[in-house]
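# A look at the structure
Letter by letter, the chains look like this.
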Amino acid sequence: SDLASLMNVSVNEVISACMSLGMFVSINQRLDAEAITIIADEFGYDVSFTSTEEETEVIEEEDNPDDLTDRAPIVTIMGHVDHGKTSLLDYIRDANVTAGEAGGITQHIGAYDVETKDGKRIAFLDTPGHEAFTAMRARGAKITDVAIIVVAADDNVMPQTKEAINHAQVAEVPIVIAINKIDKPAANADKIREELANLNILVEDWGGKYQCQEVSAKTGQGIDELLEKVLLEAELLELKANADKKGLGTVVEASLDKGRGYLATLMVQSGKMKIGDVVLAGPHYGKVKAMFDHRGNRLQEVGPSTPVQMLGLDGAPQAGDRFNVMESEREAREIANKREQILREQSVRTKKHITLDEIGRRLAVGNFKELNVIVKGDVDGSIEALSDSLLKLSTEEVQVNIIHKGVGQISESDVLLASASDAIIIGFQVRPSGGARRIAENEEIEIRLYSIIYDAINEIKDAMEGLLEPTE
Ligand code: GDP
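Scope of this entry: the structure provided in the associated data block. On a predicted model such as this, the values are computed, not experimentally measured, just so you know.

### Details of unusual backbone geometry
Phi is positive for D82, which is not a glycine, with a value near 70°. Relative to the helices and strands, D82 resides in the loop between β2 (74-79) and α4 (85-95). Although it is not a glycine, Q429 sits at a positive phi angle of roughly 60°. Following the sequence through the fold, Q429 ends up in the loop between β21 (423-428) and α13 (434-443). The class of Q429 is partly exposed, set by a relative accessible area of 45%.

### Some remarks on the site of the ligand
D82, T86, S87, D183 and A217 are the nearest of the 15 residues found near the ligand. Between the ligand and D82 there is a distance of 2.7 Å, counted from an oxygen atom to a backbone nitrogen or oxygen. N180 has a polar side-chain atom sitting 3.0 Å from an oxygen atom of the ligand. When the ligand sits alone it has 580 Å² of accessible area, and the protein chains cover 72% of it. Per element, the largest residue contribution to the shell around the ligand is 3 residues, and it comes from α4. Its residues assigned to classes, the shell around the ligand comprises 2 nonpolar, 7 polar and 6 charged.

### Some thoughts on the side chain of K245
By secondary structure assignment, the location of K245 is in the loop between β8 (240-242) and β9 (248-257). Separated by 3.0 Å, the side chains of K245 and D63 make a polar contact. Look past the residues within four positions of K245 in its chain and what remains in contact with it is E61, D63, S270, G271 and K272.

### Some details on the packing of aromatic side chains
Counting across every chain of the model gives 1 aromatic pair. Above the plane of the ring of F292 lies R260, whose end atom (NZ or CZ) is 5.5 Å from the centre.

### Quick word on the pattern of salt bridges
Counting across every chain of the model gives 23 salt bridges. Residue E60 pairs with R322 through a salt bridge whose shortest N-O separation is 2.8 Å. Separated by 262 residues along the polypeptide, E60 in the loop between α3 (33-42) and β1 (68-70) and R322 in strand β18 (residues 322-326) bring together distant segments of the chain. Here E60 falls in the partly exposed class, since its relative accessible area comes to 30%. Judged by its relative accessible area of 39%, R322 falls in the partly exposed class. The partner of K229 in a salt bridge is E204, with the nearest N and O atoms 3.5 Å apart. Of this pair, K229 sits in helix α8 (residues 223-237) while E204 sits in the loop between α7 (189-198) and β7 (211-214); the two residues are 25 residues apart in sequence, bridging distant segments of the chain. Connected through salt bridges with shared partners, the residues D90, R93, D94 and D126 form a single ionic network.

### Side note on the sheet that holds strand β20 (residues 399-407)
The strand order across the open sheet formed by 4 strands is β20-β19-β21-β22, and the pairing between neighbours is parallel. This sheet does not close on itself; its edge strands, each paired only once, are β20 and β22 (447-450). In this sheet, neighbouring strand axes are inclined to one another by 25° on average, regardless of whether the strands run parallel or antiparallel. Across 4 bridges, β21 lies against β22 in parallel orientation. Residue I425 lies in a different strand from β22, and its bridge partner there is I447. Running over the sheet, helix α11 (residues 380-391) touches β19 (370-377), β20 and β21 and is turned about 175° from β20. On top of the sheet, helix α14 (residues 453-464) reaches β19, β20, β21 and β22; it is set at about 140° to β22, its chief contact.

### Things to note about the environment of W206
Considering the arrangement of structural elements, one finds W206 in the loop between α7 and β7. According to the relative accessible area criterion, W206 is partly exposed, its value standing at 37%. Spatially, the C-alpha atom of W206 lies 8.2 Å from that of R193, the residues being 13 residues apart in sequence. Beyond its immediate stretch of four places on either side in the chain, W206 contacts D190, R193 and E194.

### Topic: α11
For α11, with 12 residues, the first-to-last C-alpha span of 16 Å sits near the 16 Å given by 1.5 Å per residue. Burial in α11 covers these residues: S382, I383, L386, S387 and L390. Angularly, the buried residues of α11 cover 130° about the axis, an arc narrow enough to put them on a single face. Contacts from the buried residues of α11 go to β19, β20, β21 and α14.

### As for the pairing of β19
For β19, the tally of buried residues reaches 7 of 8 residues, placing the bulk of the element in the interior. In terms of strand pairing, β19 meets β20 through 8 bridges, oriented parallel. When the sheet's bridge partners are listed, V373 is paired in β20 with I402. Read from β19 through α11 to β20, the crossover connection turns out right-handed. Summarising the sheet, β19 and β21 pair through 6 bridges and their orientation is parallel. Looking at β21, one finds that G377 is bridged to F428.

Analysis parameters
Residues numbered from 1 in each chain as written. Predicted model: local features only at pLDDT ≥ 70, side-chain atom pairs only at ≥ 80, totals over all residues. Heavy atoms only, no water. Helix = DSSP H or I, 4+ residues; strand = E, 2+ residues; numbered from the N terminus. Buried < 20%, exposed > 50% of the residue type's maximum accessible area, 1.4 Å probe, protein only. Near = heavy atom within 4 Å. Polar contact = N/O pair within 3.5 Å; in protein donor to acceptor, adjacent residues only side chain to side chain. Areas by Shrake-Rupley, 256 points an atom, 1.4 Å probe, with all protein chains shown as cover. Nonpolar A, V, L, I, M, F, W, Y, C, P; charged D, E, K, R; others polar. Contact = heavy atoms within 4.5 Å. Phe/Tyr/Trp six-rings, centres within 6.5 Å; stacked < 30°, edge-to-face > 60°. Lys NZ or Arg CZ within 6 Å of the ring centre and 35° of its normal. Salt bridge = Lys/Arg side-chain N within 4 Å of Asp/Glu carboxyl O. Pairing = 2+ DSSP bridges. Axes fitted to C-alpha atoms, helices over the stretch in contact; angles between N-to-C directions. Expected span 1.5 Å × (residues − 1). Arc of directions from axis to C-beta. Right-handed = clockwise from strand over helix to strand, strands pointing away.

Structure representation (structure tokens):
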């Protein structure tokens, strides 16, 4: 597909050219240098190779099972606005200060770790909201082990609660429910349990499989128990890491500090990282000049599941970028430069996400099995009707999945979810927000807007039968 668009010919022509050379390829298949040269020649192009993405991959050390030791879980808190995500994060951080680290002033660096009363460590991503979670996932980063879904007991299960649950489920991250604001006179935890049950989230105290804890981020009631449940969920995952190899993990956030240079918060997921190490993070690199925890304490060396703020990179990587401790500065520089180059090239690159036009092509090459759809609409009734009809379009070849549906305009978080799950978005009598439209353009997510259900169904049906007239 990339080659076709570089040569400005259709993918089918490239696939046919491959076939005539005896190569049966799919649309996403990578071709080797020789094949590319021959095929480009058929279309009258000369090839000159620059960096390939493979050259920019860091060969990470394999883990010998004997070297693996337990690591702390990494937790994200999600839920509807004002249900208490920030309060809960703040309470947990402040209530679990170990004697040695008291005194420092809390800095919001995007992540922190605590030690529970029983001496167990938990790392938290301090970027509440599923937008951050899904943005990272859209970039291929997987850092969350357990998601806490907060629901305020004096309110209801809200659209963003549903979204948060949805996002965690799509990412296959186990969920622990925190029913918050239990101190409030209007709190009604059972009503929340019931509303969750209606979403197929049956909590354990009602015989279901989801752990659930009533808490108050104001008084601290239930929070120790909540952390115990998180640890229990984590235990089931048997989280392990090799603490001895060269450190690697994910960038949580990065910024430029006028006085000190680029500051990046990294979540070390495996291995160790110390002062003086050379770190490569996305297209940037540098020597670790200093490391700090969320209280501004200086650190010398850190291991798995540790969030750390580092000083020394030559630029600000993006949240979700992977980082690696490297053998030498030279190697780090070379890869960083190649990544920069590829990023520049990619900005003129092709569609990476599914579109209706693309369905026919992918069907033709036989690697299209599932169509993920997000349905947004103005009223519940039409969303249900549309979703049901779309599901019924599933054929033996292609399964239609409605991965999310809801009332309201198409939001940034819908687009991010679409990007993470390679979905198209269908809006019925609704439009995307300005922000959503911008992200959709950048991420090349297809948004189709309809005002007649029949039109929506027919177009998708045609696309799935490979009958849609290309719009380009
Ligand atoms: P977020 O938008 O989900 O991060 O919610 P916040 O943490 O900002 O909380 C929203 C409001 O609810 C704030 O005014 C908090 O003080 C309040 N709040 C949060 N948790 C509790 C709680 O457990 N009890 C009470 N009474 N108020 C709470």
